[in-house]
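Coordinates in review
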Amino acid sequence: LLRSLCRKASGDGKFDIVATYGNLETFESDFASSHLTDENSGVKVRLVSGVDLSDRSEARSLVSEHGPFDAIINLAAVSSPASCQKSPEYAKALNIPMAFLEAVSDIPIMIQLSTDQVYDGRSAPYREEDTTEPVNVYGETKLGFERDILSKRTGNVVLRSSLILGPETPFRCRKQTFLQFVRERLERNVETNFYTDEYRSAVYVGDVVRVIQYFLNNGIGEGESGVYNMGGSTRVSRMDIAQAVARHCNLDVSCAKGIARASLQPGNVPSPLDITMDMSKLERVTGIKMKGLDEFAKDCLPEMT
């Protein structure tokens, strides 16, 4: 996301980005060698590592030492449902960082990345006003912070993001997107099960950046503060994604085995079956037409060949 934001911002005037993170061992050296912030790019990035947003003094120091800020984009989270389910108190501390929320109370714009897992998966496609009943700890913590943000601040945009897909990252990232996982399995011809009945509105990372950029450039107008569903235009299963990767990379898909998740015994982490979303509100406000899987696969998969 940071790479894509830097590339998009470079054509839109001067941007000074303070990127804070916890512990990413190789990130600083990788970013320095990426040339994403050359003199002529118009983008300046300051990296601040080792930040605990759940700690009141650290959150306040971040704002006082590196501010003032025109906007906050909060992407920080324990985003693994399994990790959240295993350590709910840890998930709550990081996914509902009230100390951080207090520290940024005076900053005009806050853009919060939330999740489609606030929905229960029984009544798709979901609109923003539909009932939210998360079935796992991850969804519960993200919904909890949504409510805190909207009740304690003005000038907020909460983006309920679906599964984010994109090209291979340029850094030594410990986790690529699901596209890279699928390609690796198909290239090695490793038999892999892919769910056929678990549906999401998988979203292109480039569209995520375009949405964020819209609110940074235009501000949050009257009636625009609130929650937005953010996903792609197509309803896809994991098997659909595997088949798309095979098509665009000319790979044999026979090692990809479709399996219905509903046919399996429930696992340790509850997961909603169908959390596809209606994006009409986001598209109406921003004017951005969200891409579907086959459309954005063309932007991602050529880099993987």
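Refer to the preceding data block for the structure.
Here's what I pulled together on the structure shown here. (Residues numbered from 1 in each chain as written. Predicted model: local features only at pLDDT ≥ 70, side-chain atom pairs only at ≥ 80, totals over all residues. Heavy atoms only, no water.)

1. Here's the deal with helix α3 (residues 56–66)
For α3, the complete set of buried residues consists of A59, L62 and H66. Each buried residue of α3 sits inside an arc of 75° when the element is viewed along its axis, so together they form one side. In α3, the exposed positions that point more than 90 degrees away from the buried face belong to R60, S64 and E65. Contacts from the buried residues of α3 go to β1 (15–20), β2 (43–48) and α6 (98–103). (Buried < 20%, exposed > 50% of the residue type's maximum accessible area, 1.4 Å probe, protein only. Helix = DSSP H or I, 4+ residues; strand = E, 2+ residues; numbered from the N terminus. Arc of directions from axis to C-beta. Contact = heavy atoms within 4.5 Å.)

2. Digging into the sheet that holds strand β5 (residues 156–161)
Taken together, four strands build an open sheet; the order of strands is β3-β4-β5-β10 and the sheet is parallel. Since the sheet does not close on itself, it has two edges, and those belong to β3 (71–74) and β10 (226–230), each with one partner. Between one strand axis and the next, the sheet turns through 20° on average, direction left out of account. Both β3 and strand β4 (residues 109–115) contribute to a ladder of four bridges, which runs parallel. Considered in β4, the bridge of N74 is made with Q112. (Pairing = 2+ DSSP bridges. Axes fitted to C-alpha atoms, helices over the stretch in contact; angles between N-to-C directions.)

3. Quick look at the side chain of E128
One can find E128 in the loop between β4 and α7 (137–152). At 5.3 Å, K281 is the nearest oppositely charged side chain to E128, a buried residue that forms no salt bridge. Polar side-chain contacts of E128 include one of 2.8 Å to the backbone nitrogen of N229. Discounting chain neighbours no more than four positions away, the residues touching E128 are Y119, R160, V227, Y228, N229, D278 and K281. (Lys, Arg positive; Asp, Glu negative; His and termini not counted. Salt bridge = Lys/Arg side-chain N within 4 Å of Asp/Glu carboxyl O. Polar contact = N/O pair within 3.5 Å; in protein donor to acceptor, adjacent residues only side chain to side chain.)

4. Considerations on the pattern of salt bridges
All told, the structure shown has 15 salt bridges when counted by the stated rule. Taking the shortest distance from any N to any O, the salt bridge between D120 and R122 comes out at 3.3 Å. Note that R235 is salt-bridged to D274, the shortest N-O span being 2.9 Å. Note that R235 is positioned in the loop between β10 and β11 (236–237) and D274 in the loop between β12 (256–259) and α11 (280–286), a separation of 39 residues in sequence. The buried category is assigned to D274, whose relative accessible area is 13%. Because the salt bridges share partners, they merge into one network encompassing R127, E129 and D278.

5. What to know about the packing of aromatic side chains
By the definition in use, this model includes six aromatic pairs. When the centroid spacing of 5.1 Å and the interplanar angle of 85° are considered together, the rings of Y214 and F215 count as edge-to-face. With respect to class, Y214 is no different from F215; both count as buried. Grouped by ring-pair contacts, the aromatic residues F178, F181 and F194 constitute a single cluster. (Phe/Tyr/Trp six-rings, centres within 6.5 Å; stacked < 30°, edge-to-face > 60°.)

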